[in-house]
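# What the coordinates show
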Number of protein chains: 2
Amino acid sequence: MKYVYAFSEGNKDMKNILGGKGANLAEMTKIGLPVPKGFTVSTEACLDYYNKGMTLDENIALEIFENISKLENVTGKKLNDDVNPLLVSVRSGARSSMPGMMDTILNLGINDQVVETLARNTNNKRFAYDCYRRLIQMYADVVRGFPKSSFEYLFEDIKKEKNVTLDTDLTADDLVEVVNRYKAEYLRLAKEEFPQDGKVQLLEAVKAVFRSWNNERAKTYRRLNNIPDSWGTAVNVQEMVYGNSGDNSGTGVAFTRNPATGEKKLFGEYLINAQGEDVVAGIRTPQNIETLKDIMPSCYEEFMKICDILEDHYKDMQDMEFTIENGKLYMLQTRNGKRTAAAALHIAVDFVLEGKITKEEALRRVEPEQLEQLLHPAFDKESLESATVIAKGLAASPGAATGHLYFTAEDALNAHKNGVAKIILAREETSPEDIEGMNIAEGVLTVRGGMTSHAAVVARGMGTCCVSGCSGVVVNQEAKTLTTSNGQVFHEGDFLSLDGATGNVYGEEIKTVPASISGSFATFMTWADDIARLEVRCNADNPKDAKVARDFGAKGIGLCRTEHMFFDKMRIFNFRKMIVAPNKEKRIEALNAILPYQKEDFKGLFRVMDGYEVTIRFLDPPLHEFLPHTDEEIRELAVSLEMSFEELKNKVESLKEFNPMMGHRGCRLAVTYPEIAIMQTRAVITAALEVEQEGIKVSPEIMVPLVGDERELHFVKNIIDEEANKIIRENNSSLKYKVGTMIEIPRAAIRADFIAKEAEFFSFGTNDLTQLTYGFSRDDASKFLKDYYANNIFTKDPFKTLDQDGVGTLVALAVSLGKKVRPDISLGICGEHGGDKETIAFCDKIGLTYVSCSPFRVPIARLAAARARLDNDELI
Amino acid sequence: MKYVYAFSEGNKDMKNILGGKGANLAEMTKIGLPVPKGFTVSTEACLDYYNKGMTLDENIALEIFENISKLENVTGKKLNDDVNPLLVSVRSGARSSMPGMMDTILNLGINDQVVETLARNTNNKRFAYDCYRRLIQMYADVVRGFPKSSFEYLFEDIKKEKNVTLDTDLTADDLVEVVNRYKAEYLRLAKEEFPQDGKVQLLEAVKAVFRSWNNERAKTYRRLNNIPDSWGTAVNVQEMVYGNSGDNSGTGVAFTRNPATGEKKLFGEYLINAQGEDVVAGIRTPQNIETLKDIMPSCYEEFMKICDILEDHYKDMQDMEFTIENGKLYMLQTRNGKRTAAAALHIAVDFVLEGKITKEEALRRVEPEQLEQLLHPAFDKESLESATVIAKGLAASPGAATGHLYFTAEDALNAHKNGVAKIILAREETSPEDIEGMNIAEGVLTVRGGMTSHAAVVARGMGTCCVSGCSGVVVNQEAKTLTTSNGQVFHEGDFLSLDGATGNVYGEEIKTVPASISGSFATFMTWADDIARLEVRCNADNPKDAKVARDFGAKGIGLCRTEHMFFDKMRIFNFRKMIVAPNKEKRIEALNAILPYQKEDFKGLFRVMDGYEVTIRFLDPPLHEFLPHTDEEIRELAVSLEMSFEELKNKVESLKEFNPMMGHRGCRLAVTYPEIAIMQTRAVITAALEVEQEGIKVSPEIMVPLVGDERELHFVKNIIDEEANKIIRENNSSLKYKVGTMIEIPRAAIRADFIAKEAEFFSFGTNDLTQLTYGFSRDDASKFLKDYYANNIFTKDPFKTLDQDGVGTLVALAVSLGKKVRPDISLGICGEHGGDKETIAFCDKIGLTYVSCSPFRVPIARLAAARARLDNDELI
């Protein structure tokens, strides 16, 4: 088994064993670019190191030494040599880039003798001793794990003694003194001298880099970026080149195109007479890469040529590191450059137009999630940087919101009416009654609730910025104050800003810039639609949202939640009247008062969705959600309902449930109160008939929620069909409508063959299905799931990405049972997962017809659908 | 297709088409017993009648007339005849007995002429006119649906006019007058004369009996007794015989053995000169059948002979009706007699000993549910009959409880300490904190909650009588009053009695008799155990319950709920201290205080279960269940915990959950607080080691609840194994213990192959599995499931009998996945379903190892297990 590869032995496709950096160094070597010589110790050596209880196998050590010998041969330099010593860098490099997470040691190979040789050869004693003290410091930190501060203090001491402020003001002799003190400190800490043998330094450095794979920040980074712990890192050992060896030297980083905008123009910066770490440290201000043209024209020209070669070779925008040593250009790294969404789109489309990649390849160049950046207003970058974070919650719904603080939906609405344009609504938690207030708010802040709390779900649906679960602040609704953990108090009307992408809360106004979509966006999305097999519909409850979604490319409504329509002031009154009605007659009376409104809602949706299907879910939440809960509110409502307080209070109490999620809701309401389903059917069908008269094509789909047994659906469908057919007959119409069901109860998935006999379509309600399959209440789970993530029991939030092993098994089962009985059954998903990339790939694989998601996720879902097809059919 | 069968054409195995009564009349005819001649219109004719929109097919009518002709030939009588008229009875008779639910018409065939002939032939005008007026009255009611009262008023009028009180005081002429007025009333109501043609009467009567299959009380009876609507009823048309034709006539009912005790002795009663309905009407007091020996010795002797013939023939105790007409005995019905559980056992065992049936057949003669009657104290029958029902709730836990009324667990406990022996605890609803109070109570009454509410489940577990969901009463805890719907108020200390078998509540003391088990019980249960394949374990949390269960034949503990052990005063204090602990150290401190108690609990269980496995479930309920919720209680607790009220209140608030059933509970607690699992492991293992020292065989099984993912179980199992192995090593012991899991989350069933890699046993928690598979909160579902039963959407309570189609599919899936990975995996069920007969049959079929149920259901489960094997292996 081979564990070490010279750069000349590898290529770019060997990332799995050489890591990204190593594979690309090998590739550049292969295509003849100027790369300092070196070799890569493979990721397999790293895994072997861990498998053997963190010891480096003797054979691997021997293989490293063999490669050092070869390196000595090709460079003509020798480790520990008095005349022409070999100095190397030792750098980590995993399969996937983990910038800054693991360790690096430079200048390896220096010892008490080599430092003198180096001083002599470069004729620069200061430089040589500076390299030596950097080596000792890095080695002590990385290999031995001694505190950095021990050495930093010593360095500061000398600067004080010499009375200088800048490092560069220290003389060569000063640095000799630094090295002496460093070596003494090393001896004190390590109880042994700093190793003088370059080979010892090298093996220790390689092991240390392996170990750094499992440091805390690397583990966290992997968890956040879904990088498996099992990959391991490679180690690159490379001859040192020095950008800091005089004014004819330098170092820099550059992108072949602008990573912020995608513009086709070299983008980068460099420093003359400096090492890479100086660029990062920010001690000197780097210069724009353009200026290199004048200072070192031939290097610049060569670099430009290399840029073109690399872009053509990798067929992607490159992010490169280079060093110039005494007028000679060396490439130290190349990789596909990270970029903003706007740049990614721009570059992908340009590459297709330039004939470098296919449309399919272009679709792979933009991550669906990146599109989100393009769809919400953003903070002005500069203003944001100068603002102070006063609290941090969950990044529940992206966007940048700034406005005046209000504590109740009612206050927010009043302020809105009185002309306050930008409002931030802060609540302990939101409830359906807050919807109108949320609707006019720029952003919503809640103290309780997770990523899928009411506030978060509704806000994402609305495309409103939301920070949820901000438990560090105290919201006092009575006093109308928000108090931060350090005691700062904000009052009604004060400015507050929320960053829905980070969860940061700011106690001031921050400038925002509106969402802008680059010209390449439309082109790109057309290509996505050409490839995609899954249709994308939207979850929308009103014409405004439906319009946004249709503009974003939605092909129909997959979920219209009718209950959201009942929270308007006039309707909620009648709806409550319905709930408290003492008998069926009174209930029907109240429902009849709601009917005209509900019909108008549907007409609006049908008009916007001309030609597309509109799936309307019948009343779903438990009735107690529509009633007030405090005595004061009950007293008030009792007066307007002309009931006694006690009577209404008793009604409220009797409707209370221990586990409302599993209570009297969904189709269970239609079983108890068929008159509600009858009213909703009448509203859907009459709306459809009236809009059809306007020359619009209407395809209503009535969706019965929370079905668990075919007899339930049979019962409710009978009620719907009877009413619908009566109206259609009365109007001599030939309107077609469908009746289908949500599959959101585990039992419904298990009995999908029986249910498909009644249902013309299935829509997977994966929110509830996930809740019930796991037994996780989504409103409560965030409290304990954090312990699951901390203990690596879970790595993903099952409410964000569908759990394919468990919930997905039920979905796939239902699909196959459903198709067996009704081969042409329409199959969709309308849970929050409908907008998630991985879930969409799963939906494509198991053969769903469409996914439905919130309007602002429609473009993301369209791209994800295209990507799903590419992956599942292995098209590229 | 043949629709009508003469009695001589049928036999006892034709119940499906002839109904039970018809098949047995045919059988008795076949074996030569004296049965009045007749024929049966089949259940298929009934179904045909319904299929044809409630019209009687002409061919069926013709077939009926053909059989009337045959009947006329064999009897020598003729319908509508002036000389020897044929009179018949028309009686319903379904496949399964539905006593009194459907309609009957007697004396059919009388008209204005026949009545005179009858008077002449019997020389009894009074008798003839009494028969006629009965026919008109029954016909008007059954065939035409006219109110009975119309005729009853007329009858009372005549009695008033004649100034008599008893019907029998009316003269023949009076009855002629009655008939005249009846006919006039019939004409007024029907707008036509009472039909004079016997054939018309007959066809109308047959149709009316068919219709009575679907009257409300028949439908309700079928729903309660699981009789399918699709069976239909047969109609028996039979020559009338008259027990009321003089002192040489009579009628009676009898059982071949005592149906209350099972004693082998004829049991019955009769009336001289009476018709069957007179026995039922209770106008005269019937005489003991023994006295017939003296009055009509030959009839008695013949009847005794027939009893023996029938018992031998049917191989079961018979319930018979007979009539003696002018000294001649006629058998009108025989069927297997209904009997008490005690009698059923006694008779079954006697029949085996008499060599009439096999042991397997004997096991089929006692319904498992019947045994319940033998296991709880019962009300003294006489005292019960004279008591007044003041309210009615759900028959949640059987038993007869009488005692003094208390409104809080605390008050009940205090009263108990002060010597009040019998206590009835009445609560709005119970919570885990009430357990001690429930434990010492004779019976528990709750206003809210269903058959599976906390009160019901716990009460059944304890074998305590419970009436739940008694919504007709108002319980005021503050005022300590219970108010019935008609305003009657009961105070603390007042007597109250509960019948847990009927749900009746009585406002007085009622005498009870302790449970007595007849000598045959043990014999019978041995036979059951010989046949059964499933083991029966018990759900028990304390040595007392465990002892009861072991005495009832339990082979181990399938579920010990450790949380029940924390409600003792001293423990709950430390447990609460644990919950509110500000850090892990304080938490461990509090847990250490609980450890010795918990260890003692386990020692007690291990001792009782010497030789058997004891399955201990680790802490399951959400922590907020252990904290008080009212401000007053919180304030009190805060003082003893040395916290501020606000601090504790905040803690209580922060633990509140929207859907606690799906919240922070089960193994999720162990993930967050591994120290709890560590303490419980220590308690189990040290208890086992100490009891082992006493020479007792201990087999502890640690059960991790609410697992949904193998990684969860892996995490918790590691914690358990580490602690357990440490203690076992320290003690140089070779103690074996198992770690397994509940399968109660749908996802666990789906992933059972992965979970079986970690779990040494599965125990199906079908309560929670049912909740999650259906999405039904068991505490809330009773509110809407009533509408499901009313609409025939559901016919069974899924919390009582396992839903095999849905939940059962998941259980069977988990069994097969689990066995695939671990062929010797132990599989049990510990939900409430574990004691249900149908569920036990299912468990046997899919290959479970054991069922676990509450102690008082152990004998029931043992019998059900035997029955399951008989059925599933088709052994008889």
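As a starting point, this report considers the structure included with it. Given the structure is predicted, the values throughout are model-derived calculations rather than measurements. (Residues numbered from 1 in each chain as written. Chains lettered and ligands numbered in written order. Predicted model: local features only at pLDDT ≥ 70, side-chain atom pairs only at ≥ 80, totals over all residues. Heavy atoms only, no water.)

### Looking at the packing of aromatic side chains
Summed over the entire model, instances satisfying the criterion amount to 44 aromatic pairs over all chains. Look at A:Tyr49 and A:Tyr50: their rings are 5.5 Å apart centre to centre, the planes differ by 80 degrees, and that puts the pair in the edge-to-face class. Clustering of aromatic rings is evident, with ring pairs tying together A:Tyr132, A:Tyr139, A:Phe146, A:Tyr186 and A:Phe194. A cation over an aromatic ring shows up here: B:Lys328 above the ring of B:Tyr330, its NZ or CZ 4.8 Å from the ring centre. In this arrangement the basic side chain of B:Lys356 is found over the ring face of B:Phe351, its NZ or CZ atom lying 5.1 Å from the centre. (Phe/Tyr/Trp six-rings, centres within 6.5 Å; stacked < 30°, edge-to-face > 60°. Lys NZ or Arg CZ within 6 Å of the ring centre and 35° of its normal.)

### A short note on the sheet that holds strand S28 (residues 738-743) of chain A
Residues and elements named next belong to chain A. The strand order around the closed barrel formed by eight strands is S24-S25-S26-S27-S28-S29-S30-S31, and the pairing between neighbours is parallel. Neighbouring strand axes in the sheet, compared pairwise and without regard to direction, differ in orientation by 25 degrees on average. As defined by bridge partners, strand S27 (residues 699-704) adjoins S28 across four bridges and the pair is classed as parallel. Bridge assignment links valine 704 to a residue of S28, and that residue is threonine 741. Its contacts with the sheet place helix H23 (residues 584-608) against strand S25 (557-561), strand S26 (613-617) and S27, and it is angled at close to 150 degrees to S26. Here helix H28 (residues 710-730) sits on the sheet in contact with S27 and S28, set at roughly 150 degrees to S28. (Pairing = 2+ DSSP bridges. Helix = DSSP H or I, 4+ residues; strand = E, 2+ residues; numbered from the N terminus. Axes fitted to C-alpha atoms, helices over the stretch in contact; angles between N-to-C directions. Contact = heavy atoms within 4.5 Å.)

### Notes on the interface of chain B and chain A
Accessible area lost on assembly of the parts is the figure often given for the size of an interface. Taken together, the contact between chain B and chain A spans 47 residues of the former and 47 residues of the latter. Residues B:Arg747 and A:Asp803 are paired through a salt bridge, measuring 2.6 Å at the closest nitrogen-oxygen approach. Taken together, the connections running from chain B to chain A amount to 30 residue pairs in polar contact (both at pLDDT 80 or more). Mapped by element, the contributors of at least two residues to the side of chain B that touches chain A are helix H25 (645-655), helix H26 (667-672), helix H28 (710-730), helix H29 (746-750), helix H31 (766-774), helix H32 (778-790) and helix H33 (807-821) of chain B. Per-element accounting of the side of chain B that touches chain A gives the leading share, six residues, to H32(B). (Salt bridge = Lys/Arg side-chain N within 4 Å of Asp/Glu carboxyl O. Polar contact = N/O pair within 3.5 Å; in protein donor to acceptor, adjacent residues only side chain to side chain.)

### A short note on the packing of helix H6 (residues 148-162) of chain A against helix H7 (residues 172-190) of chain A
Residue and element names in this part refer to chain A. At a minimum axis separation of 10 Å, H6 and H7 run at an interaxial angle of 145 degrees. For H6 against H7, the interelement crossing comes out right-handed. Residue-level inspection shows Ser150, Phe151, Leu154, Phe155, Asp157, Ile158, Glu161 and Lys162 of H6 in contact with H7, the latter providing Asp174, Leu175, Glu177, Val178, Arg181, Tyr182, Glu185, Tyr186 and Leu189. Partitioned by chemical class, the residues of the contact of H6 with H7 number nine nonpolar, one polar and seven charged. (Left-handed = near helix turned anticlockwise from the far one by under 90°. Nonpolar A, V, L, I, M, F, W, Y, C, P; charged D, E, K, R; others polar.)

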